[in-house]
Protein chains: 2
Amino acid sequence: MKKSLTLSLLMLSAASFAQQKPLIGFTPASSAKQVTAEKTYDAALSAQRIGETIKTLSAYPHNLGSPGSKAVADKILAMYKSYGLDAHIETYTVLFPTPKTRVLELTGPIAYTALLKEQALAEDGTSAQANQLPTYNAWSADGDVSGQLVFVNYGLPDDYIKLAAMGIDVKGKIVIAKYGRSWRGIKPKVAYEHGAIGCIIYSDPADDGYTAGDVYPKGAYKNEFGVQRGSVMDMVLYPGDPLTPGVGATKDAKRLNKEDATTILKIPVLPISYHDAQPLLAALDGPVAPEGWAGSLPITYHVGGGKALVHLKLAFNWDMVPAYNVVAKIKGSAYPDEWVMRGNHHDAWVNGANDPISGQAAMLEEARALGELLKTGWKPKRSIVYCSWDGEEPGLIGSTEYAEAHDKELQQKTVVYINSDSNARGFLGAGGSQALESFIDEVTQGVTDPQTKVSVFDRKKAMQLVNASSTSDKKEILERKGQKLEALGSGSDFSSFLQHLGITTLDLGFGGEDGGGEYHSIYDSFDDYRRFKDPDFAYGVALAQTAGHSVLRMANAEVLPFDFRSLQTTISKYATELSKLADDTRETTKMDNQFVAANYYSIAADPTRQYKAPAAKDTVPAIDFKPLTVALDSLKKSADKLAVYWSAAVLKDGDHDKLNKLLYQAEQQLLTADGLPRRGWYKHTIYAPGFYTGYGVKTLPGIREALEQRNWAEARQQIAVVSGRINALAAYLGYGAK
Amino acid sequence: MKKSLTLSLLMLSAASFAQQKPLIGFTPASSAKQVTAEKTYDAALSAQRIGETIKTLSAYPHNLGSPGSKAVADKILAMYKSYGLDAHIETYTVLFPTPKTRVLELTGPIAYTALLKEQALAEDGTSAQANQLPTYNAWSADGDVSGQLVFVNYGLPDDYIKLAAMGIDVKGKIVIAKYGRSWRGIKPKVAYEHGAIGCIIYSDPADDGYTAGDVYPKGAYKNEFGVQRGSVMDMVLYPGDPLTPGVGATKDAKRLNKEDATTILKIPVLPISYHDAQPLLAALDGPVAPEGWAGSLPITYHVGGGKALVHLKLAFNWDMVPAYNVVAKIKGSAYPDEWVMRGNHHDAWVNGANDPISGQAAMLEEARALGELLKTGWKPKRSIVYCSWDGEEPGLIGSTEYAEAHDKELQQKTVVYINSDSNARGFLGAGGSQALESFIDEVTQGVTDPQTKVSVFDRKKAMQLVNASSTSDKKEILERKGQKLEALGSGSDFSSFLQHLGITTLDLGFGGEDGGGEYHSIYDSFDDYRRFKDPDFAYGVALAQTAGHSVLRMANAEVLPFDFRSLQTTISKYATELSKLADDTRETTKMDNQFVAANYYSIAADPTRQYKAPAAKDTVPAIDFKPLTVALDSLKKSADKLAVYWSAAVLKDGDHDKLNKLLYQAEQQLLTADGLPRRGWYKHTIYAPGFYTGYGVKTLPGIREALEQRNWAEARQQIAVVSGRINALAAYLGYGAK
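Residues numbered from 1 in each chain as written. Chains lettered and ligands numbered in written order. Predicted model: local features only at pLDDT ≥ 70, side-chain atom pairs only at ≥ 80, totals over all residues. Heavy atoms only, no water.

By the naming in an unreviewed UniProt entry, chain A goes by M28 family peptidase and is assigned to Mucilaginibacter gilvus.

### Section: the interface of chain B and chain A
Facing 45 residues of chain B, the contacting portion of chain A comprises 45 residues. Carbon and sulfur atoms supply 66% of the area that chain B and chain A bury against each other, a total of about 3600 Å² over both sides. At the surface where chain B touches chain A, the tally comes to four salt bridges. Measuring nitrogen to oxygen at the nearest pair gives 2.8 Å for the salt bridge that ties R425 of chain B to D606 of chain A. There are 16 residue pairs in polar contact (both at pLDDT 80 or more) connecting chain B and chain A. Contributions of two or more residues to the side of chain B that touches chain A are made by α14 (456-467), α15 (471-479), α19 (564-598) and α20 (600-604) of chain B. Element by element, the count of residues in the side of chain B that touches chain A is highest for α14 of chain B, at seven residues. (Contact = heavy atoms within 4.5 Å. Buried area = accessible area lost by both parts, 1.4 Å probe. Salt bridge = Lys/Arg side-chain N within 4 Å of Asp/Glu carboxyl O. Polar contact = N/O pair within 3.5 Å; in protein donor to acceptor, adjacent residues only side chain to side chain. Helix = DSSP H or I, 4+ residues; strand = E, 2+ residues; numbered from the N terminus.)

### Section: the domain arrangement of chain A
Residues and elements named next belong to chain A. You can read the domains of chain A as domain 1 (61-93 + 325-509 + 528-563), domain 2 (95-320) and domain 3 (565-736). Just the C-alpha atoms count here: the centres of domain 1 and domain 2 sit 31 Å apart. Contacts between the two partners involve 23 residues from domain 1 and, on the opposite side, 34 residues from domain 2. Taken over both partners, the interface formed by domain 1 and domain 2 buries close to 2200 Å², and the fraction arising from carbon and sulfur atoms is 60%. Between the two partners, domain 1 and domain 2, sit zero salt bridges. In this assembly, domain 1 and domain 2 are joined by 13 residue pairs in polar contact (both at pLDDT 80 or more). (Domains from an automatic or database assignment.)

### Concerning the relation of the copies chain B and chain A
Once chain B has been moved 0.0 Å along the axis and rotated by 180°, it coincides with chain A to within an RMSD of 0.0 Å. The symmetry that links the two subunits is that of a two-fold axis. For chain B, the residue whose C-alpha comes nearest the rotation axis is S296 of chain B, separated from it by 2.3 Å. When the interface residues of chain B are mapped onto chain A, 100% of them are again interface residues, pointing to one common binding face. (Least-squares fit on C-alpha atoms with pLDDT ≥ 70 in both.)

### Describing the pairing of strand β10 (residues 335-345) of chain A
Regular strands have side chains that alternate between both faces of the sheet. Residue and element names in this part refer to chain A. With nine of its eleven residues buried, β10 lies for the most part within the structure. With eight bridges connecting them, β10 and strand β11 (residues 382-389) associate as parallel partners. Counted as the bridge partner of G343 is C387 from β11. Once you follow β10 into helix α9 (residues 353-375) and on to β11, the crossover reads as right-handed. In the sheet, β10 pairs with strand β12 (residues 414-419) via five bridges, with the strands oriented parallel. When the sheet's bridge partners are listed, W339 is paired in β12 with T414. (Buried < 20%, exposed > 50% of the residue type's maximum accessible area, 1.4 Å probe, protein only. Pairing = 2+ DSSP bridges. Right-handed = clockwise from strand over helix to strand, strands pointing away.)

### Section: the pattern of salt bridges
Overall, the coordinates contain 77 salt bridges over all chains when judged by the stated rule. In this structure, the salt-bridge partner of R565 of chain A is D563 of chain A, at a minimum N-O distance of 2.8 Å. On the basis of relative accessibility, which here comes to 16%, the residue D563 of chain A falls in the buried class. In this structure, R710 of chain B engages D618 of chain B in a salt bridge whose closest nitrogen and oxygen atoms are separated by 3.0 Å. With R710 of chain B in the loop between α23 (701-708) and α24 (712-736) and D618 of chain B in the loop between α20 and α21 (626-651), this residue pair connects regions lying 92 residues apart in the sequence. Members of the salt-bridge network, linked through shared partners, are R425, D449, R459 and E513 of chain A together with D606 and R609 of chain B.

### A short note on the packing of helix α2 (residues 28-44) of chain A against helix α18 (residues 538-556) of chain A
Residue and element names in this part refer to chain A. It is at 11 Å that the axes of α2 and α18 come closest, and there the two elements cross at 145°. Helix-helix and strand crossings are classified by hand; for α2 and α18 the assignment is right-handed. For the pair α2 and α18, contact is made by Q34, E38, Y41 and D42 and by A544, Q545, G548, H549, L552, R553 and N556, respectively. Per-class residue counts for the contact of α2 with α18 are three nonpolar, five polar and three charged. (Axes fitted to C-alpha atoms, helices over the stretch in contact; angles between N-to-C directions. Left-handed = near helix turned anticlockwise from the far one by under 90°. Nonpolar A, V, L, I, M, F, W, Y, C, P; charged D, E, K, R; others polar.)

### So, the environment of C387 of chain A
All names here are of chain A. With respect to the helices and strands, the residue C387 is situated in strand β11. On the basis of relative accessibility, which here comes to 0%, the residue C387 falls in the buried class. Measuring from C-alpha to C-alpha, the distance between C387 and V327 comes to 4.6 Å, with 60 residues separating the pair along the chain. Setting aside residues no more than four positions away along its own chain, C387 makes contact with Y80, V326, M341, R342, G343, N344 and M363.

### Quick word on the packing of aromatic side chains
Inspection of every chain in the model, using the stated rule, returns 48 aromatic pairs over all chains. Centre to centre, the rings of Y529 of chain A and F537 of chain A are 6.3 Å apart; their planes meet at 5°, and the pair counts as stacked. For Y529 of chain A, a relative accessible area of 1% corresponds to the buried category. Taking relative accessible area as the criterion, F537 of chain A reaches 11% and is therefore assigned buried. The interplanar angle of 75° and the centroid separation of 4.8 Å between the aromatic rings of W681 of chain B and Y682 of chain B together place this pair among those described as edge-to-face. We classify W681 of chain B as buried; its relative accessible area is 7%. Three or more aromatic residues link up through ring pairs in this structure, and these residues are F96, Y136, W139, F316, W318 and W349 of chain A. The residue whose ring lies beneath K70 of chain B is Y324 of chain B, and the NZ or CZ to ring-centre distance is 5.4 Å. When the ring centre of W318 of chain B is taken as origin, the NZ or CZ atom of K258 of chain B, which lies over that ring, is 4.0 Å away. (Phe/Tyr/Trp six-rings, centres within 6.5 Å; stacked < 30°, edge-to-face > 60°. Lys NZ or Arg CZ within 6 Å of the ring centre and 35° of its normal.)

Printed below as a string of structure tokens:
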């Protein structure tokens, strides 16, 4: 009896100890209160209500500038208000093109007129609605062009190298590229750089159609008529309204002429279905497409450039439209001028049940549960700001204009910006500032995966382990204590906060078990969502918990949960990659030039095919990465020292406001005033969307892209710039630790 | 004047020196004579005549047992005789099944009856001929089966692991597998091992159809009606007549009952076109096929095992037929009992312009040119034996029965067996005993590539460099002095010579620029060959030069050009691979078992799909490779010593017959009397066709396959066996160097 009692006491005490291990940045006392508040918060979340919100907000088309968008913004405003938040709509006035004329015809050797129309389906209740935006790419140029058609695979720079080797160029021709492997806007941009006069983009069934899986409505993948709409704005120069780079698009903002807006494409671009693509591709002559280029249409893919002729005529309404950002605040009790920000866009290409309403609905449920929490008397120490952005789809417009309009205030006040977007069944995707890695590990260890009942952290770890391709990768993941935060490129509303303003950022969302082809089509509907994305809306709750706990902890931490040691480790890895990239490029260049000199390329080539061997390349000079290494050593010292200081601080009662401000503004040290070469809007020296990848991130972008573009002088200059910013951060953090 | 004269003399002398550098195994004097003889030989070769021979011998169907085969054998006999060779036909009597009944029907959920018929084409002059063998797989069982249909990807062991993870088995069902990734016979064998009652094999257009390239007759790839015939004999047990393993199938040889012949399949198997496969695959339900399984038919590939039902009825004429090997000799002047053997089969599935007539025609041109050389008074020191084999297609039958019937004599007399088969435009493929690497390098450096005018050696090097995937691979190829001889598996007539008798072997043939789908179809015709394979028959001459020079040098070398140092290096690489394989298997097993214990597989799996996590595996014990390392060290010493002895010998005049016999019989030391586990016919310890790859080689097969099958005791036992044979070779060579 006694023994068993002792055992129970021991167990109880172990449990209490585990419970009482304070949350990062909290004292034992404040941590206990926080845990209680989060339980109340969790209890208020409802999957069913998330489902209802998704249904309501995706009931009608609601693209930027449409009556539907205004209606959705008004609904969201009312919801925030009903939850007890202080909400208003901030309106910007922005350029937005919608189609007036869309003609695509094959004119030779046979005639075919493209349908350019998705089909309404009985199984999809909203697919027959009026007011759907036609299938198009926003920011295409107006144009009426005719020319030979050339198939360019995914339309990336390497594809044009292959074409050149085959003796094919696209000057004065119209290209057709497959969707995939890059952000869509890269394809017409690269086509234009190579002299093309028009660009067609289609979804191949190998990537997004019958080969990927059963097609809609039987399954989730693209049927032959499905089309991916989307922006082709040259967003890697700057996102947002093309007429107001760097400033908010307020009513009377100074605007560029449309002709001077560098982010608007110079050639007409049109997305089409594989139903429309097949006759065009089948008409191509010329060489058979290189290995790996063919999709799964039942034809032989040729490169073209011969008898297949295409006429593409596009004209747009270049309207100024209102963008309605809904902003809702809960004022902080202790530090009202420190803002924990949370955002998700509300505009869609059509109905957008998944993109963006699934994330929007989860976020609104967060706000509602916070409202419930407020009713219990709970108060956040810091202010919490919920943002439902408009105009994300055409180019992150609502969030960018807001960030540009409020830049100084946001840099001063924003503790963290937490973004979400589409959300569905699967695994947590998490990206952002690596100073928050331990923080987000703690959050995800505390959220249960709805399907497996293990933590979201553990489920992701299992997936990463099972999918890791090599034993050494598996080992690394097994041994790693926490999980990596992915570096952020572009593609959602975090871009301005992180890359323009240097605000610490998180991007969160579940997915990976929601494969399908509804993206940016009329089939991104509630009917599709509840069948294929998150049938019981449980991952809506998982997102509301993950992001909500993040918001709650950031709002109430005694000392903010930043740890720059993980940032330093991550940047060091990037630096090592780049040094290796320079060495590898040097070695492969030497090798390639040897091959060119020995004529190996021509000797190996099939003489019956047209072939142009590559020319010798400039040799890669020595590039000194020492300044970067030295700066990173210095950052390591500061980060280590600060971590010690931080740990001591969290044990002390009192106001840590000075330390907290220093922590949350630290990322701004990594901004460079001049911005990246040729795209000064992007000021972060560690993360940027790739100039030739779009959404895909380039880390240490100034150096990396200089190396990739073989601009050795710029690589050296950028090493100096980046080292300077890392040194500045080291000094800044060192000062904080004093 | 004087200076320039000196220079001319110097140049002349350099040229003479280069010319006079003696061929490997020749004295300066005999080398000069040899070079002259080879020039005479080369001058006698005619591309036009090779083309004519291809046209003549592929004019009608001539499969084993057909009147066409007898006609071709008689033609070849007459040709050899007309060239002045002492030729005769050696006939064996062998089992050969041809189709009597072929029915394949989809019986549910809808009905479809497969056509099982290739179409005659106006563009292909022989495609409408009578007496074509129908599309079938020889050695399929007779059978009349009905059952659910299951798609098993390429039908390899790993595919069944994936099916099991999806909760799908094939017991009592009929499988449909894609051609490719293994020898075809592996697919029904593995299906049978998993309990399937029937097997259908089809060519997917992704691998061999419109996705690979334009289809016949526009291009070379398989049109929708094309079918690959072929043997599914379980040749990895033993090749040749199933009724006479190990002995020649002479008229009165002791024969097994057909029921006891283990190489005849136990289930019905049928190859079909993608036209016939599409309705079957489209009817499948069940889960969508795993990633990477789908081909490029315009359907979603499902795994099936549900409502799709198939009826397969096959019956065969199990006839005893004559196999006509044509054997032609030139008697050696000095060593008539040392034979340089050369072989290529003459039987085809249908017309076989490429397979095998392209190689046969080049070989006949060799024999003709040798005949011309004989007329000049030139004589080979050793005998030269040309063999035109029958019955290769159904299972290497002609060559195997010959090798089995003459086993002791061949082991005693054969210096080298040089094989060829299909031949076309491109790069030299060369495989065989690695003791001949320097020899074949010298040969290929002396043959000009018809298209690029560099040597065949250099063209291959350029191709390998350009195609190498990593910088380190490129470096290795650049730095390597010679070229590797590929290890030989199976798939042509060298198998018995090398793997059963331990005769030093070479397999030579050009290709790689002749892509297409004519293989084993009615479209392997002269019309196809001259359009897509080797339009001017120049690679027929290149093969006649490469194989012919090899024959000539082997026939007349003073000291035979064997160098066992390269064999030792090669075997050492295999040994290192196996030691690494054991270590890697140990590590991944440990890791996998950790995953199983932690339930990672189940946690990572999509709970909406049926999934069965793998079970824990037995741990991999320590396996001692030391005996192998020690044996290889010993072989290195012997080979080094012998190389010194060899170099001294070649400088001495006189009879080197004792050394030569030792050299050419050395490979037999690597045979093990018991043969490989469970397939004692295969006696070579270094090379064998893979038990689960078929044509694909497994090197150090006893050890490697034991490791792959997790049979640790057998791996250890086989290390002892292999080490024993390597030690024996080391002792044998060491004796020779005394």
